[in-house]
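Chain by chain, the residues run as shown.
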Amino acid sequence: VEAAIAERIGRLAAPLREALRIASVEGEEFTAEVLARILGIDERKTVQLLSGDLDRRHRLVRAQAIERLGSQRISRYRFRHQLFQKYLYDRVDKVERAYLHDEVGNVLEKLYVDDSGETAAIAPQLARHYQEAGVADKAISYLLLAGERAVQMSAYYEAIAHLNRGLELLMSLPDSPERAQQELALRLVFGMAWIGIRGTPAPEVKASYTRARELCQQVGEASQLCRVLGELTFHHYVRAEHQSARDLAGQALGVARRARDPLLIALGHWYLGVVLFAQGEYEMSRAHLGEVISRYDPERHHRSFVALHGADAGLSALSYDACCLWSLGYPEQATSKSREALAMARTLGHPFT
């Protein structure tokens, strides 16, 4: 088979062989615009080479699709058989392979960098290119982005795979504040992924956030520490370890107040309000939940709360306040508050909330 492939590739003119060789570095599926920029030739001419000589004449590649990325056209091609790509890729020596992966990564970045989330869609691909190029920092950043996107799509096992690769790469770097900050970011997403797989009480969740808490003492920002303490609060809360949860919630609120961050302060009050409800201290719970409700503006805060915790703390506070009212013997007020929360949740349209 290899001899047959070698014969077919050997018939090609040198420019066509070089184009295929570079395309094999991007992968079994590749992009005409990436190829054009690395070769330094016109994109239209590259498409003619691929669709004309290499597709219709030599039957080595086939056109897949054309996409629009803002004003940029993305022309996708695929090798007709994986063995063609493997044969070409295996014949690129390790040194040149690293350079080409770096070039492919840089060009893909420039094509996809925008605010529409498209970069996140190709984050695993970018991570692979930078890992092969030996650019560990960038590879880790894109593995983190891939993990975050997978969590948002509820693809938790996929997220764990990306984040594990990121941690393995991270351990190959020398110890530094930057490395600690990258590990902290990875651990925070790890915790969310394990919650999706095994639930908040899982030991993996506690391990992720406990390590994140240690890192926060070194390099973390107030928002990160508050989030870690909050997730540990809920870990103990669902295990009915209410005093531990209460202590952690109090610490989270203290961090938020020292940071003078209104959003974090609201979260701190929410953590305490939920735990106090579980302990049957309904009046105190309502006082903290009221602090959240009074600060809550759905248009300003909904997305921020969801990004920080995966659910809307403002709506949750309304719901827990209704539960407190019911427990205190005010069913009409509880019903009214519940309907208010449900109507607001339907308006916002976030399924989990």
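Predicted model only: the values in this text are computed from it and were never measured.

Engineer: Please explain the overall build of the chain as it appears in this structure.
Structural biologist: Counting its secondary structure elements, the chain contains 19 helices and three strands. Relative to the compact-globule value of 20 Å for 353 residues, the chain shows a C-alpha radius of gyration of 26 Å, a clear excess of over 25%. The principal-axis extents of the C-alpha atoms in the chain amount to approximately 85 × 45 × 35 Å. Looking at the chain residue by residue over its 353 residues, the buried ones come to 47%.

Engineer: Please clarify how the pairing of strand β3 (residues 72–79) should be interpreted in this entry.
Structural biologist: Within a regular beta strand, the side chains point alternately toward one face of the sheet and then the other, so they alternate between its two faces. Counting buried positions along β3 yields six of eight residues, so the element is predominantly enclosed. Pairing analysis gives three bridges linking strand β1 (residues 29–31) to β3, with the strands arranged antiparallel. When the bridges of β3 are listed, E29 appears paired with R78. The pairing of strand β2 (residues 61–69) with β3 spans eight bridges and is antiparallel. When the sheet's bridge partners are listed, I66 is paired in β3 with S75.

Engineer: Explain the sheet that holds β1 to me, please; I cannot follow it from the model alone.
Structural biologist: In any sheet, the strands associate via hydrogen bonds between backbone groups, in a parallel or an antiparallel arrangement. If you trace the three strands from one edge of the open sheet to the other, you get β1-β3-β2, paired in antiparallel fashion. For this open sheet the edge positions go to β1 and β2, each flanked by a neighbour on one side alone. Recorded for the sheet is a direction-independent mean angle of 25° between the axes of neighbouring strands. Relative to β3, helix α3 (residues 32–39) is tilted by about 95°, and along the sheet it contacts β1 and β3. The strands touched by helix α6 (residues 94–112) are β2 and β3; relative to β3, the strand with the most contacts, the crossing angle is about 140°.

Engineer: Can you walk me through the nonpolar core in this structure?
Structural biologist: Grouped burial of nonpolar side chains is what soluble globular proteins tend to show. Counting residues in each nonpolar core, the largest one holds 107 residues, and the members touching the most others are L20 and W270. Excluding residues within four positions of it along the chain, L20 makes contact with I9, L12, L54, L60, V61, F79 and L88.

Engineer: Explain the pattern of salt bridges to me, please; I cannot follow it from the model alone.
Structural biologist: A side chain of one charge can pair with a side chain of the opposite charge if their charged atoms are brought near each other. Per the stated rule, a full pass over the model turns up 21 salt bridges. A salt bridge links R78 to E28, with the nearest nitrogen and oxygen atoms 3.4 Å apart. Residue R78 is located in strand β3, and its partner E28 is located in the loop between α2 (14–26) and β1; the two are separated by 50 residues in the primary sequence. Given a relative accessible area of 26%, R78 falls into the partly exposed group. We note a salt bridge from E291 to R295, for which the minimum N-O separation is 2.6 Å. Residue E291 and its partner R295 are both found in helix α16 (residues 282–295); the two are separated by four residues, about one turn of the helix. Overall, R295 belongs to the partly exposed group, its relative accessible area being 33%. Taken together, the salt bridges that share partners define one network made up of E28, E29, E67, R76 and R78.

Conventions we followed
- Residues numbered from 1 in each chain as written.
- Predicted model: local features only at pLDDT ≥ 70, side-chain atom pairs only at ≥ 80, totals over all residues.
- Heavy atoms only, no water.
- Helix = DSSP H or I, 4+ residues; strand = E, 2+ residues; numbered from the N terminus.
- Rg over C-alpha atoms; globule rule 2.2 N^0.38 Å.
- Buried < 20%, exposed > 50% of the residue type's maximum accessible area, 1.4 Å probe, protein only.
- Pairing = 2+ DSSP bridges.
- Axes fitted to C-alpha atoms, helices over the stretch in contact; angles between N-to-C directions.
- Contact = heavy atoms within 4.5 Å.
- Core = buried A, V, L, I, M, F, W, Y, C linked by side-chain atoms within 4.5 Å.
- Salt bridge = Lys/Arg side-chain N within 4 Å of Asp/Glu carboxyl O.

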